[in-house]
Number of protein chains: 2
Amino acid sequence: MSGILVNGLPGESVPATDRAIQYGDGLFETIAVRRGRPELWSAHMARLRKGCERLGIGMPDPAVLLREALQLARGQERAVLKIILSRGSGGRGYRPPDTPSPLRILSLHPWPEWPREFWLKGVATRICATRLGRNGQLAGIKHLNRLEQVLARAEWREPAIAEGLMLDSEGMLVEGTMSNLFLVRDGVLQTPDLSRCGVAGIMREVVLEAAGRRGIPYEITSLRRKDLELAQELFLTNSIIGLWPVRRVGRRDYAAPGSVTSLLQKDVEDTRSRVST
Amino acid sequence: MSGILVNGLPGESVPATDRAIQYGDGLFETIAVRRGRPELWSAHMARLRKGCERLGIGMPDPAVLLREALQLARGQERAVLKIILSRGSGGRGYRPPDTPSPLRILSLHPWPEWPREFWLKGVATRICATRLGRNGQLAGIKHLNRLEQVLARAEWREPAIAEGLMLDSEGMLVEGTMSNLFLVRDGVLQTPDLSRCGVAGIMREVVLEAAGRRGIPYEITSLRRKDLELAQELFLTNSIIGLWPVRRVGRRDYAAPGSVTSLLQKDVEDTRSRVST
């Protein structure tokens, strides 16, 4: 249950001169596969295109990517598809090559085995010491410079801790190492503004749209650590987990799942089971 | 005139699962080769070791790296040696593998052909719009997350502009895209503090030591864009160029080389011709 396509051909390796290796000069997407189909495909392609525009990398033809994705996903009930798009090979030096040949790597991975309780009763989390630097040009997109997340995720090994929450260099709350963060305070849904750092998740969009449809008021805003104390409910989202309620941050317990969280969790699952590519 | 060793063996490719590709999870060094020997080898190894400690990657045996470096550099009058050290392959997910196998890539590149005037009369530079995010954990080391430098270097294509100067997210002056920056103001040498971002260059250390030996007062300090206006001399350093005087930043001209710059340029060249590995 795995496979890799490098520029459309089965392969296990990448040229050592590739700029993803040299500089992290590229983008990625992590996509859930269900019954042989990638979920929320057009949303992932829209984010990849936005990242390409931001970095000045040529967006591959989504039809080609979809064909390759379907080839890898064929017959898979549940799997994770990862797409890496690099600017390609280039000489030594930061300057992008004049005529770049972007490289795409599609790989299929086993579906992670998380306990069912993570969805039903929520997850325990911690606050990471590793901070996120601010850079508006890189904020929102899913680029390959991920050392901050690697260092944050290396801070704990206890399997009971499912995720770590990250602050930026100025102490603002941003996201989890692999997920977006939502708070519910007095009936209002809140999620951190991602204009200076963080990844704008596909499932974050799904939640915000669901909140809009339900008439749940929401704000995308600046949040600090103390806002965690003021919230009654917390939850995390990403394209693989969908929505996990949070039952604990450090030593503080939360009711999980809270009532707003439960509604939105149902909407997320409905969206995932409904969408076709 | 080139060659690549991947974990000591001639090769052109890297496993697609490597974490340098996935996350930029690794370090690099760029080293001048003269007459078959890498320059300032022990200083480069010391910085690589510091980076390994910071990222939690096992430092390879420097004797092995030196053997491989000498193998590639044999018979080369002038060349550039690049060492990439990745955390190695791992599963999908930010968490570092429990038993990592770091990957090393040594590659040899042609010596860049810059005009002799760059050293004799100085270079023209610009101020980049791309900013550097602040992260003390990643500051100083030469890690593989270099999208900020890539975007900054993509801002201009005029060959007459040799380098771009970068500010951090709060407007502090940090470095060039590929070099460290020095100012001389009223006889005092100044260089930006790199505790929040930037790469602590090997040649920067050489310059600071030379200034100490000569009794030139220096400070490692917070500098802003306006400090460029107050300086009489500017120069740039890195392991390949050595020291370039700056004759222009945007529309502001500087005497180049200034008198302090000339003294330190001579010291840099003396150090480079004297050192053996």
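Residues numbered from 1 in each chain as written. Chains lettered and ligands numbered in written order. Predicted model: local features only at pLDDT ≥ 70, side-chain atom pairs only at ≥ 80, totals over all residues.

Things to note about the overall build of chain A
Check the secondary structure of chain A and you find eight helices and 16 strands. Computed over the C-alpha atoms, the radius of gyration of chain A is 19 Å, within 12% of the 19 Å expected from 2.2 N^0.38 for a compact globule of 277 residues. Principal axes of the C-alpha set define a box for chain A whose edges measure 55 × 40 × 35 Å. Buried residues in chain A amount to 52% of all 277 residues. Long-range contacts, defined here as pairs at least 24 residues apart, represent 71% of the contacts in chain A between residues at least 6 apart. (Helix = DSSP H or I, 4+ residues; strand = E, 2+ residues; numbered from the N terminus. Rg over C-alpha atoms; globule rule 2.2 N^0.38 Å. Buried ≥ 20, exposed ≤ 12 C-beta atoms within 10 Å, placed from the backbone. Contact = placed C-beta atoms within 7 Å.)

Focus on the domain arrangement of chain A
How big an interface is tends to be stated in terms of accessible area lost as the parts join. Residues and elements named next belong to chain A. Splitting chain A by domain gives domain 1 (3–110) and domain 2 (117–274). Here the C-alpha centre of domain 2 lies 25 Å away from the C-alpha centre of domain 1. Of the residues lining the interface, 19 residues belong to domain 1; the matching set on domain 2 comes to eleven residues. Taken together, the elements giving at least two residues each to the side of domain 1 that touches domain 2 come down to strand E4 (26–34) and helix H2 (41–55). Taken together, the residues of the side of domain 1 that touches domain 2 break down into nine nonpolar, five polar and five charged. (Domains from an automatic or database assignment. Nonpolar A, V, L, I, M, F, W, Y, C, P; charged D, E, K, R; others polar.)

Description of the packing of helix H6 (residues 202–214) of chain B against helix H8 (residues 259–274) of chain B
Residue and element names in this part refer to chain B. At a minimum axis separation of 9 Å, H6 and H8 run at an interaxial angle of 115°. Crossing of H6 over H8 shows right-handed handedness. Facing H6, whose interface residues are Met203, Val206, Val207, Ala210, Ala211 and Arg214, H8 presents Leu263, Leu264, Asp267, Val268 and Thr271. Within the contact of H6 with H8, the residues separate by chemical class into eight nonpolar, one polar and two charged. (Axes fitted to C-alpha atoms, helices over the stretch in contact; angles between N-to-C directions. Left-handed = near helix turned anticlockwise from the far one by under 90°.)

Let's talk about the interface of chain A and chain B
Facing 44 residues of chain A, the contacting portion of chain B comprises 44 residues. With six residues, the top contributor of residues to the side of chain A that touches chain B is helix H5 (residues 147–153) of chain A. By residue class, the composition of the side of chain A that touches chain B is 20 nonpolar, 14 polar and ten charged. Sheet analysis places strand E3 (residues 13–15) of chain A next to strand E3 (residues 13–15) of chain B, joined by three bridges and oriented antiparallel. When the sheet's bridge partners are listed, valine 14 of chain A is paired in E3 of chain B with valine 14 of chain B. (Pairing = 2+ DSSP bridges.)

Examining the nonpolar core
The biggest cluster of nonpolar side chains holds 162 residues, and the ones touching the most others in it are Leu81 and Val246 of chain A together with Leu81 and Val246 of chain B. If we ignore the near neighbours within four places in the chain, the residues touching leucine 81 of chain A are Ile31, Val33, Pro38, Ala69, Leu72, Ala73, Leu106 and Leu108 of chain A. (Core = buried A, V, L, I, M, F, W, Y, C linked by C-beta atoms within 7 Å.)

Things to note about the relation of the copies chain A and chain B
Screw-axis analysis of chain A against chain B gives a translation of 0.0 Å along the axis, an RMSD of 0.0 Å, and a rotation angle of 180°. Such a combination of turn and shift is consistent with a two-fold rotation axis. Here 100% of the contact residues of chain A are again contact residues in chain B; the copies associate through an equivalent surface. (Least-squares fit on C-alpha atoms with pLDDT ≥ 70 in both.)

Details of H8 of chain B
In this model H8 of chain B runs 23 Å from its N-terminal to its C-terminal C-alpha over 16 residues, within 8% of the 22 Å that 1.5 Å per residue would give. Where H8 of chain B is buried, its residues contact strand E11 (180–185), strand E12 (188–192), H6, strand E14 (233–238) and strand E15 (242–249) of chain B. (Expected span 1.5 Å × (residues − 1).)

Thoughts on the sheet that holds strand E5 (residues 37–38) of chain B
The strands making up a sheet associate through backbone hydrogen bonding, with each pair oriented either parallel or antiparallel. All names here are of chain B. One open sheet accounts for six strands, arranged E2-E1-E7-E6-E4-E5; its pairing is antiparallel. If you trace the sheet from one side to the other, it starts and ends with strand E2 (9–10) and E5, each paired once. Of the pairings in the sheet, the one linking strand E1 (residues 3–6) to strand E7 (residues 103–110) comprises four bridges and is antiparallel in character. In the sheet register, valine 6 faces E7, and the bridge partner there is isoleucine 105. Here helix H2 (residues 41–55) sits on the sheet and contacts strand E4 (26–34), E5 and strand E6 (78–86); the angle it forms with E4, its principal contact strand, is near 175°.

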